[in-house]
Amino acid sequence: AVGNLPWYLKFLAFLAGIRGNEKKGLEYLNLAAEKGKYVADQAKALQMVLMVREKNFKEALDQARNLHRKYPRSFLLHLNRAQIFEKMKKPMAAAEDYLEVLRWAEEGKPNYSQINLPIFRFSVAKKFMQLKLLPMALEQFQNVKENSETPKRERTLSCLQIGKIFDLQGKRSEAVTQYERVLKIEDFEGSHKKARSFLRRRYSTR
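Residues numbered from 1 in each chain as written. Predicted model: local features only at pLDDT ≥ 70, side-chain atom pairs only at ≥ 80, totals over all residues. Heavy atoms only, no water.

Caption draft 1: Seen up close, the overall build of the protein. Check the secondary structure of the protein and you find 11 helices and zero strands. Put simply, the protein runs from its N terminus to its C terminus through helices and strands in the order α-α-α-α-α-α-α-α-α-α-α. Taken across its 206 residues, the protein has 38% of its residues classed as buried. With an accessible surface of roughly 12800 Å², the protein has 53% of that area assigned to carbon and sulfur atoms. (Helix = DSSP H or I, 4+ residues; strand = E, 2+ residues; numbered from the N terminus. Buried < 20%, exposed > 50% of the residue type's maximum accessible area, 1.4 Å probe, protein only. Areas by Shrake-Rupley, 256 points an atom, 1.4 Å probe, with all protein chains shown as cover.)

Right under this line is the structure:
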């Protein structure tokens, strides 16, 4: 880590008596992954992070899959797969993994049951928006909005996002209905100001 610092931070580390060598560090990491008895999997997880950093996405994906097979209860490794697919510009593959995590959480799969479903579903819906998977995003936002367990913040912001999706789909009247609904509920993160803006002028990504 020290060997990979920018020069100005590396200099400060040097003055503090901390030395680092990136090449040597990677050698130690690879050795730990291949030969380690107790730390091999931690080393492999760190290798995966470094592979993503270096844009070796296929190798990172293989590493994530192997680790998840070994630790099937780890939803974080499952999410890593989805995030790597995003980096690879494979939105549908990423979406399938996100939906699988949601489904397993709903089914109460061990450890996945710890996921706060309304909050996580809202995050997944936003991710689908970023990936331009509008119908999938719409379905998840509507689920969040209609779930009685959803916190007020996520319900309000879901209404706003649904309006934006309708605008992008050319369904102006449906979008207006959502923006007006936002104005009738509690304001979060400037949602009222944004809704008024989109009532005056339809939402567009251009």
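Caption draft 2: Spotlight on the packing of aromatic side chains. With the rule as written, the count across this model stands at six aromatic pairs. Taking the centre distance of 6.5 Å and the plane angle of 70 degrees together, the rings of Y98 and F128 count as edge-to-face. With Y98 in helix 6 (residues 91-106) and F128 in helix 7 (residues 117-130), this pair connects stretches of sequence that are 30 residues apart. In terms of burial, Y98 and F128 fall into one category: buried. Ring geometry for F122 versus F141: centroids 5.8 Å apart, planes at 65 degrees, classification edge-to-face. Note that F122 is positioned in helix 7 and F141 in helix 8 (residues 134-146), a separation of 19 residues in sequence. Taken as a pair, F122 and F141 share a single burial class, namely buried. (Phe/Tyr/Trp six-rings, centres within 6.5 Å; stacked < 30°, edge-to-face > 60°.)

Caption draft 3: Examining the pattern of salt bridges more closely. Per the stated rule, a full pass over the model turns up 12 salt bridges. The salt bridge partner of E100 is R103, with a shortest N-O separation of 3.7 Å. Note that E100 and R103 are positioned in helix 6 at a spacing of three residues, about one turn of the helix. Among the charged side chains, a salt-bridge network with shared partners connects R81, D97, E100 and R103. (Salt bridge = Lys/Arg side-chain N within 4 Å of Asp/Glu carboxyl O.)

Caption draft 4: Up close: the nonpolar core. Of all hydrophobic cores here, the largest spans 48 residues; its most connected members are F128 and F141. Broken down by element, this core gets its largest block of residues, seven residues, from helix 6. The contact partners of F128, leaving out residues within four places of it in the chain, are A95, Y98, L99, L133, M136, A137 and Q140. (Core = buried A, V, L, I, M, F, W, Y, C linked by side-chain atoms within 4.5 Å. Contact = heavy atoms within 4.5 Å.)

Caption draft 5: Up close: the environment of V144. Here V144 is to be found in helix 8. Judged by its relative accessible area of 1%, V144 is buried. Considered as a pair, V144 and T156 are 12 residues apart in the sequence and their alpha carbons are 9.8 Å apart. Those residues in contact with V144 that sit more than four places away from it in its chain are P118, R121, F122, T150, E154 and S158.

Caption draft 6: Main features of the packing of helix 3 (residues 40-53) against helix 4 (residues 57-70). Between helix 3 and helix 4, the least distance of the axes is 8 Å, while the angle of their chain directions is 150 degrees. With respect to each other, helix 3 and helix 4 are oriented roughly antiparallel. With respect to the hand of their crossing, helix 3 and helix 4 are arranged in left-handed fashion. Each of D41, K44, A45, Q47, M48, M51 and V52 in helix 3 lies in contact with helix 4, whose residues at this interface are F57, E59, A60, Q63, A64, L67 and K70. (Axes fitted to C-alpha atoms, helices over the stretch in contact; angles between N-to-C directions. Parallel < 35°, antiparallel > 145°, perpendicular 65-115°, else oblique. Left-handed = near helix turned anticlockwise from the far one by under 90°.)

Caption draft 7: Region of interest: helix 3. Compared with an ideal rise of 1.5 Å per residue, which puts 14 residues at 20 Å, helix 3 spans 20 Å between its outermost C-alpha atoms and is within 8% of the ideal. Every buried residue of helix 3 is accounted for by A40, D41, A43, Q47, M48 and M51. In a view along the axis of helix 3, the buried residues occupy a sector of 150 degrees, so they form one face of it. (Expected span 1.5 Å × (residues − 1). Arc of directions from axis to C-beta.)

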